[in-house]
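Understanding the architecture of this molecule
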Amino acid sequence: MSLVLTTASVPDRDKVAYWNDAVSRTLVPMTVAPRGDGPFDGRIATARLGYLQVSTMEADAERVSRTPALIARSSEALVAFGVQISGTATFIQDGRRAEVGKGDLVVYDTTRPYSFDYPQRFATHVFQLPRRTLGVPESDIRQVTGNAIGTGDGFGAMLLPFLATLASSADDYPPAVANRLAGNVVDLFATLIAERAHPGGTGADTARSHLLLRVRDHINRNLGDPDLSPESIARTHRISVRYLHRLFEGEGTTVGRLIQQRRLEECGRELSCRGRTAPTVSAVAQRWGFVNPAHFSRTFRATYGVSPREWRNLRTAQDDVGQSPAGTPAPWSTVADRPGTDLPHSRG
């Protein structure tokens, strides 16, 4: 449900204070200074799509500033994307000044000072999301802030109508659809930042590689969680499941197969450990996220040609390069031997 704040029913003497509070509570703490001497009028409507906040603000001429003192009052790092619907603005951040016209888009980071100067009545859509959800380096965001991005052609031409429709209908979607849309919007914004920060096209690859590393690290750190899945991974990284699968299209495996493969590798490591008390097969399986020991045994045998118990019995005959005497590949060799792959130390 939308939250709508308006000065329409507020006494003239209180309008400016009310509007300053409304903008600060809805977006982030800011100071608002009207440019005219007459009665001030403003309206801001806000809705949420999952972790994405969508706001539409319409007001008389004003200057909006976010200062270091106000930044200190905010607990979360947000990135905002503003689309100018009517009127014009002068936007300043990171030492850059942009003249923003109707249809232009600006990107700004709420953890650094910025200002908007609106010389006449205006309307704008503001999309706010946690900075961590973008999966792009902070240096790329800094390169894009303080610039007006035209939406008359290229990627912007596709983005503008989509954002305008989303802003006008954000209240209409059920939660499941809203969460998927939020993930898609984050994908689009990350692509926009990468495209602008690296015009040669390497930015998109950099952003993808950065996110892929984060996902792989998350998988390695959560192998023991039986609920680890493409859905939980996508939810943690604030992306859609569809986009998560796209990340792995060039990796030679799928997300589900990677999870299973990494679990099998760690099980093989632990079963190979020499010690006074050998762990049971079922204990090892459960420690690495396999809920059903029988399923684990079948999967292990199907992958490596021996049962977990047989593998454990062969461990004393392993040589220094991870090969069993019968030539059976060590369970961890399939990934460890792949160039560019680092595996964590085993637990066990």
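Per-chain numbering applies: the sequence of each chain, read as written, is numbered from 1 onward. Predicted model: local features are reported for residues with pLDDT of at least 70 only, side-chain atom pairs are reported and counted for 80 or more only, and whole-chain, interface and lining totals are derived from all residues. Each side-chain value is derived from all of the structure's non-hydrogen atoms; neither hydrogens nor water enter the calculation.

**Focus: the overall build of the protein**
For the purposes of this entry, the term helix denotes a DSSP run of H or I that reaches at least four residues, the term strand denotes a run of E that reaches at least two, and both are numbered from the N terminus. For the protein, the count of helices and strands is 13 helices and 12 strands. Buried means the residue's accessible area, taken with a 1.4 Å probe over protein chains only, is under 20% of the maximum for its type, while exposed means over 50%, and partly exposed covers the values in between. Across the 348 residues that make up the protein, the buried fraction comes to 49%. Total accessible area on the protein is roughly 16,600 Å²; 51% of this is exposed by carbon and sulfur atoms. Accessibility throughout is a Shrake-Rupley quantity obtained with a 1.4 Å probe, and a residue counts as covered only by protein chains that appear here.

**Examining the sheet that holds strand β5 (residues 62-66)**
Strands were regarded as paired on the criterion that DSSP finds at least two bridges between them. Spatially, β2-β5-β10-β7-β8 is the arrangement adopted by the 5 strands of the open sheet, whose pairing is antiparallel. The sheet is open, and its two borders are formed by β2 (31-34) and β8 (96-100), each paired with just one other strand. Within the sheet, the average angular offset between the axes of one strand and its neighbour, ignoring direction, is 15°. Two elements, strand β7 (residues 89-93) and β8, share 5 bridges in a ladder whose sense is antiparallel. If you follow T90 over to β8, its bridge partner there is E99. Contacts: residue pairs with any heavy atoms within 4.5 Å of one another. Axes here mean lines fitted to C-alpha atoms, for a helix over just the part in contact, with angles spanning 0 to 180 degrees between N-to-C directions. Docked against the sheet, helix α1 (residues 15-26) engages β2 and β5, running at close to 145° with respect to β2.

**A few points about the packing of helix α9 (residues 255-272) against helix α11 (residues 293-304)**
The geometry of α9 relative to α11 is characterised by a closest axis approach of 11 Å and an angle of 90° between their N-to-C directions. One way to sum up the angle between α9 and α11 is to call them roughly perpendicular. Taken together, the residues of α11 that come into contact with α9 (itself represented by Q260, Q261, L264, E265, C267 and G268) are F296, T299, F300, T303 and Y304. Each angle receives one of four descriptions, namely roughly parallel if under 35 degrees, roughly antiparallel if over 145, roughly perpendicular if within 65 to 115, and oblique otherwise.

**Some words on α1**
Since the α-helix packs 3.6 residues into each turn, any two residues three or four apart lie on the same face. Take the number of residues in a helix, subtract one, and multiply by 1.5 Å to get its expected span. The end-to-end C-alpha distance of α1, which contains 12 residues, comes to 16 Å, matching closely the 16 Å that a straight helix rising 1.5 Å per residue would cover. Residues K15, W19, A22, V23, S24 and T26 constitute the buried set of α1. Contacts made by the buried residues of α1 are with β1 (3-6), β2, β3 (42-49), β4 (52-59), β5 and β11 (122-130).

**Focus on the environment of D109**
With respect to the helices, strands and loops of the structure, D109 is situated in strand β9 (residues 105-109). C-alpha of D109 to C-alpha of T145: the two residues are 36 residues apart in sequence and 7.3 Å apart in space. Excluding anything up to four places from it in sequence, D109 contacts L78, Q93, Y114, R131, I141 and T145. Think of a polar contact as two N or O atoms within 3.5 Å of one another; within protein, one of them needs to be a possible hydrogen donor and the other a possible acceptor, and neighboring residues in sequence only count if both atoms come from side chains. A polar atom in the side chain of D109 sits 2.8 Å from the side chain of T111. There is a polar contact of 2.9 Å between the side chain of D109 and the side chain of R112.

**Side note on the side chain of S24**
In this fold, S24 is placed in helix α1. Looking at S24, the relative accessible area reads 16%, which means it is buried. From its side chain, S24 meets the backbone oxygen of N20 in a polar contact 3.0 Å long. Residues within four places of S24 in sequence aside, it is in contact with P29 and M30.

**Re the packing of aromatic side chains**
In summary, the pairing rule links any two rings of Phe, Tyr or Trp, Trp by its six-membered ring, whose centres are within 6.5 Å, and it sorts them by plane angle into stacked for under 30 degrees, edge-to-face for over 60 and tilted for everything else. As enumerated under the stated definition, the model contains 14 aromatic pairs in all. Measuring from ring centre to ring centre gives 6.1 Å for F127 and F189, while their planes differ by 65°; the resulting arrangement is edge-to-face. Placement of F127 in strand β11 and of F189 in helix α5 (residues 175-197) is noted, with a sequence separation of 62 residues between them. You can call F127 buried: its relative accessible area is 0%. Look at F189 and you get buried, because its relative accessible area is 0%. Seen from their ring centres, F290 and F296 are 4.9 Å apart, and the 45° between their planes marks the pair as tilted. Taking relative accessible area as the criterion, F290 reaches 7% and is therefore assigned buried. In this structure an aromatic cluster arises from ring pairing among F91, Y108, Y114, F116, Y118 and F122.

**Brief notes about the pattern of salt bridges**
Each salt bridge in this description consists of a side-chain nitrogen of Lys or Arg and a carboxyl oxygen of Asp or Glu lying within 4 Å of one another. Inspection of the entire model under this criterion finds 20 salt bridges. Linking R131 and E138 is a salt bridge whose minimum nitrogen-to-oxygen distance equals 3.7 Å. Among the residues examined, E138 registers a relative accessible area of 37% and is labelled partly exposed. A salt bridge links R262 to E266; the shortest N-O distance between them is 3.1 Å. Here E266 and R262 lie together in helix α9, a separation of 4 residues that amounts to about one turn. Exposure remark for R262: the relative accessible area of 2% places this residue in the buried category. Using a relative accessible area of 1% as the deciding quantity, one classes E266 as buried.

**Looking at the nonpolar core**
Side-chain atoms within 4.5 Å are what join buried Ala, Val, Leu, Ile, Met, Phe, Trp, Tyr and Cys residues into a set we call a nonpolar core. The biggest cluster of nonpolar side chains holds 33 residues, and the ones touching the most others in it are L49, L52, F81, L105, F127, L134 and F189. In terms of residues, this core owes the most to one element, α5, which gives 10 residues. Residues within four places of F81 in sequence aside, it is in contact with L105, V106, V107, H125, V126, F127, L129, F189, L192 and I193. With 29 residues, the next largest nonpolar core counts L244, L258, W288 and F290 among its residues.

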